[in-house]
Structure formats: C-alpha cells, structure tokens
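Remarks on the overall topology
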Amino acid sequence: MTQEQGRDGAAADAQPTHRGAPVIRTIAMPADTNPAGDIFGGWLMAQMDLAAGNVAARRSRGRCATIAVDAITFHHPVFVGDEVSLYAWLIKVGRSSLRIQVEVWRRERASETTMKVTEATFTFVAIGEDRRPRPVPPEAGGGM
C-alpha cells in the first residue's frame, strides 16, 4: 500500500478498497462551504447519513430511521472540488437495529492523493408502515 503526501503535507492512506466500492461518491461544491470557505461539516454528516441509510435500508429490506450517531470525528478538512467517497458497512444487527460504520475519504481534484477525513458509527432502527420499530429480517443465505 503506497502513501502519498496530502495538501497539508501529512501522509495519506489508500482508500479502503477491501470494503468494496464507495456507497456514495460526489464532488464538494462551493454551495457546500461554511463561512471560512471549507466544506461544511453538516454537509459531510448529511452525506454520511445517506450512505449509512442506504446500507441499513438494503439490509433491513425497508424503511429505517437514524436514532444515533456515535464518535463522529473530523480528521481533516474537505475543500471545494475534492472528490468525496463514502464507505459504509454493517457492524452489527440487532432485533430491530443496525449499526453501520462510515468512513469519508477525499481525493484532491487534480491528483490521486487520498485521505480519510471523517468517520462515525450510525445506528438505525428498521421501521414499518406504522413508523414503529419492526424486526430486521434474516439475511438471505444466512449470516448477519
């Protein structure tokens, strides 16, 4: 695994390809900035919730609601024009809940330099048409 230098001179890690393709890949745009001109943390959190929600809905085969976000950590800023890749994977399934780990990685627009910028654990509850918790169905083929 090679490491490259990021914009701030710190060593950058390779994206977690062992987790498969990103759940979401997007470009950070000027409309997503805070008053200082960096990408707004709330925009990143919303993207993370979308990525985790996608994993939760697919695994639970239906609607889910976010009930908690734990240990969100912003390691580095994201800049306008950066490609933002969100990786999300299931870490635990309960009776009606799902815990999902999310990592956000940035790639500078004009290079191959990548860096993990944010991570958190999201908890979702599977909900039915009545908007009340429902059991997560067994995974097809066994497993989690």
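Residues numbered from 1 in each chain as written. Predicted model: local features only at pLDDT ≥ 70, side-chain atom pairs only at ≥ 80, totals over all residues. Heavy atoms only, no water.

Time to look at the nonpolar core. Formed by 25 residues in total, the largest nonpolar core has its most connected members in Val84, Leu86, Ile100, Val102 and Phe124. Those elements that provide at least two residues to this core are helix 1 (41-60), strand 5 (83-93), strand 6 (97-107) and strand 7 (114-126). Top contributing element to this core by residue count: helix 1, with 7 residues. Every residue in contact with Phe124, bar those within four places of it in the chain, is listed here: Asp49, Ala52, Gly53, Ala56, Cys64, Ala65, Thr66, Ile67, Ser96, Ser97, Leu98 and Ile100. (Core = buried A, V, L, I, M, F, W, Y, C linked by side-chain atoms within 4.5 Å. Buried < 20%, exposed > 50% of the residue type's maximum accessible area, 1.4 Å probe, protein only. Helix = DSSP H or I, 4+ residues; strand = E, 2+ residues; numbered from the N terminus. Contact = heavy atoms within 4.5 Å.)

As a further point, take the pattern of salt bridges. Inspection of every chain in the model, using the stated rule, returns 7 salt bridges. With its nearest N and O atoms 3.2 Å apart, the salt bridge here joins Asp70 to Arg99. With Asp70 in strand 4 (residues 64-74) and Arg99 in strand 6, this pair connects stretches of sequence that are 29 residues apart. For Arg99, a relative accessible area of 28% corresponds to the partly exposed category. Among the ionic pairs, Lys116 bridges to Glu119, the shortest N-O distance being 3.4 Å. (Salt bridge = Lys/Arg side-chain N within 4 Å of Asp/Glu carboxyl O.)

Quick look at the environment of Met115 now. Secondary-structure assignment places Met115 in strand 7. Sequence separation between Met115 and His75 is 40 residues, and the spatial gap between their C-alpha atoms is 9.2 Å.

Our focus in this paragraph is the confidence of the model for the protein chain. Taken residue by residue, the protein chain gives an average pLDDT of 89. The fraction at 70 or more is 88%. A low-confidence stretch, residues 1-11 stays under pLDDT 50, and its non-local contacts, those more than four residues away or across chains, total 25 contacts. (pLDDT = per-residue confidence, 0-100.)

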